[in-house]
Amino acid sequence: MYKLLTPGPLTTTDTVKQQMLTDHCTWDDEYKAITQQIRKDLLKVAQVDENEYTAVLMQGSGTFGVESVLTSSVGPQDKLLVAANGAYGLRMAEIAKSAGILHTVYEEAYHCIPDAGEIERRLKDDPDITHISIVHCETTSGILNDIHAVAEVVKKAGKTLIVDAMSSFGGIEIPVDKMGIDFLISSANKCIQGVPGFSFIIARREALEKCAGKARSLSLDLYSQWKGMEEDGKWRFTSPTHAVLAFAQALKELEQEGGVAARHKRYTQNNQLLIEGMKQLGFQTYIASDVQSPIITTFLYPEHQAFSFPEMYRFIKERGYAIYPGKLTDADTFRIGNIGEIYPEDIYKLLDIFKEYIALQEEHA
Ligand SMILES: *Cc1c(COP(=O)(O)O)cnc(C)c1O
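The following refers to the structure shown. Quantities reported herein were computed from a predicted structural model and do not represent experimental measurements. (Residues numbered from 1 in each chain as written. Predicted model: local features only at pLDDT ≥ 70, side-chain atom pairs only at ≥ 80, totals over all residues. Heavy atoms only, no water.)

**Digging into the packing of aromatic side chains**
When we look at a pair of aromatic rings, we describe it by the centre distance and by the angle of the planes.
1) Next: This model, assessed by the stated rule, comprises 15 aromatic pairs.
2) Next: A ring pair is formed by Phe283 and Phe354, whose centres lie 5.5 Å apart and whose planes are at 70°; its orientation type is edge-to-face. Taken as a pair, Phe283 in the loop between α11 (259-280) and β11 (296-300) and Phe354 in helix α13 (residues 344-364) lie far apart in primary sequence, 71 residues in all.
3) Next: Given the relative accessible area of 0%, Phe354 is considered buried.
4) Next: When the ring of Phe309 is compared with that of Tyr313, the centres are 6.1 Å apart and the planes differ by 40°; the resulting orientation is tilted. Here Tyr313 and Phe309 lie together in helix α12 (residues 309-318), a separation of four residues that amounts to about one turn. (Phe/Tyr/Trp six-rings, centres within 6.5 Å; stacked < 30°, edge-to-face > 60°. Helix = DSSP H or I, 4+ residues; strand = E, 2+ residues; numbered from the N terminus. Buried < 20%, exposed > 50% of the residue type's maximum accessible area, 1.4 Å probe, protein only.)

Okay, structure coming up:
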């Protein structure tokens with residue numbers, strides 16, 4: 001048994017896991033009511049009004065949700081601008097390419113946030129662009145993109161805004177309506193602290209209505225999924241019942257904790273303790289502190305040559321925690337997530353394990 005210090009799936013509570021001991025029938029009224037309650041609760045987390053927005057649940061991992069939105073909302077006459085500064089931004093471009101969606105990519109370096117002014121210029125230069133997609137917390141590096149500034153220029157230009165808030169929704173306040181986001185995607189196994197099995201989309205009703213008949217896939221058709229679910233809470237195809245029950249419990253526990261504000265505070269505290277402690281041990285962060293998210297942190301490998309990530313990983317795992325490899329192409333790094341059922345005492349324990357590991361290394365040197 002070990003705790004996960006990763007970008008998800010995360011360490012969940014025992015009470016969330018216990019929900020998965022029940023087998024539920026998918027067309028049972030009680031089960032359908034759970035789906036409807038989840039959809040309602042998600043709108044609250046997103047700070048939106050039911051008359052303006054709706055929530056759609058989609059089978060599969062987070063990528064399925066992103067693919068569902070891109071392939072259902074960007075029509076044959078439309079053009080997508082993808083702002084990318086990491087693997088998940090680039091994945092959106094890959095989805096567009098594979099679906100034959102007309103698109104263009106504004107690529108930034110992984111340690112830089114996409115610039116709203118640059119997006120504004122590109123919208124002016126290319127009036128064919130109708131949709132803009134961007135990642136909120138780029139889990140690749142842990143950088144937090146300024147979606148507020150981006151939303152402002154996108155809304156001013158009257159375009160559709162798609163935000164991949166996979167690793168931030170529930171852990172960072174996102175006033176979806178106030179910001180004018182048209183589609184926001186997240187998944188069950190990130191900051192809401194459920195288990196893997198489905199993604200969800202917070203959609204502006206008006207934008208979702210326009211998706212009718214546009215889908216380039218049958219199972220990922222967002223509009224049809226919505227219409228089906230809207231009737232009585234029934235998923236179009238087999239739903240991940242155990243993951244849905246766990247998620248309903250996770251939403252209750254988010255509320256009990258004090259909502260997104262309280263969770264954000266805990267994550268931020270975890271993150272600050274982690275970064276301070278790691279710096280004291282000689283590790284440097286890859287992302288500058290002013291754009292570092294409170295979700296996951298990328299650390300550079302230490303200078304000395306003997307360093308082996310797999311060896312360090314094993315050492316830490318044997319002592320109760322799983323950390324994560326890096327995902328950068330230009331630097332040797334590893335990542336430590338601090339979301340999920342993780343508290344400051346876990347961070348202190350982890351730092352002690354690192355200290356022990358470094359002492360052993362120095363002994364052998
Ligand atoms: C986790 C994550 C995804 C989805 O990844 P899956 O492996 O498909 O669940 C997408 N975008 C971001 C930013 C993520 O952190």
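**Observations regarding helix α5 (residues 116-125)**
1) Next: Listing the buried residues of α5 in full gives Ala116, Ile119 and Leu123. Relative to the axis of α5, the buried residues are bounded by an arc of 60° and lie together on one face. When the buried face of α5 is taken as reference, the exposed residues oriented beyond 90 degrees from it are Lys124 and Asp125. (Arc of directions from axis to C-beta.)

**A closer look at the side chain of Thr11**
1) Next: With respect to the helices and strands, Thr11 occurs in the loop between β1 (3-4) and α1 (14-18).
2) Next: Residue classification places Thr11 among the buried positions, given a relative accessible area of 13%.
3) Next: In this structure the side chain of Thr11 is engaged in a polar contact, spanning 2.7 Å, whose partner is the backbone nitrogen of Leu4.
4) Next: Beyond its immediate sequence surroundings of up to four residues, Thr11 is in contact with Lys3, Leu4, Gly340, Glu341 and Ile342. (Polar contact = N/O pair within 3.5 Å; in protein donor to acceptor, adjacent residues only side chain to side chain. Contact = heavy atoms within 4.5 Å.)

**Here we look at the nonpolar core**
1) Next: Among the nonpolar cores identified, the biggest contains 82 residues, and Leu42, Phe169, Phe183 and Ile202 are the most heavily contacted of them.
2) Next: Ranked by the residues each element gives to this core, the list is headed by helix α10 (residues 241-257), at nine residues.
3) Next: Core analysis: the second largest hydrophobic core is formed by 24 residues, Phe299, Phe307, Ile316 and Leu351 among them. (Core = buried A, V, L, I, M, F, W, Y, C linked by side-chain atoms within 4.5 Å.)

**Regarding the site of the ligand**
1) Next: Around the ligand sit Ser61, Gly62, Thr63, Tyr88, Arg91, Val135, Cys137, Thr139, Asp164, Met166, Ser167 and Lys190, and those are all the residues in its vicinity.
2) Next: Take Thr139: an N or O atom from its side chain is 2.4 Å from an oxygen atom of the ligand.
3) Next: Note that a nitrogen atom of the ligand is positioned 2.7 Å from one of the side-chain N or O atoms of Asp164.
4) Next: Burial of the ligand by the protein chains amounts to 85% of its free accessible area of 380 Å².
5) Next: Elements represented by at least two residues in the shell around the ligand include exactly α3 (62-73) and α4 (87-99).
6) Next: Split into classes, the residues belonging to the shell around the ligand amount to four nonpolar, five polar and three charged. (Near = heavy atom within 4 Å. Areas by Shrake-Rupley, 256 points an atom, 1.4 Å probe, with all protein chains shown as cover. Nonpolar A, V, L, I, M, F, W, Y, C, P; charged D, E, K, R; others polar.)

Read these as layout, nothing more, since geometry by itself doesn't imply function.
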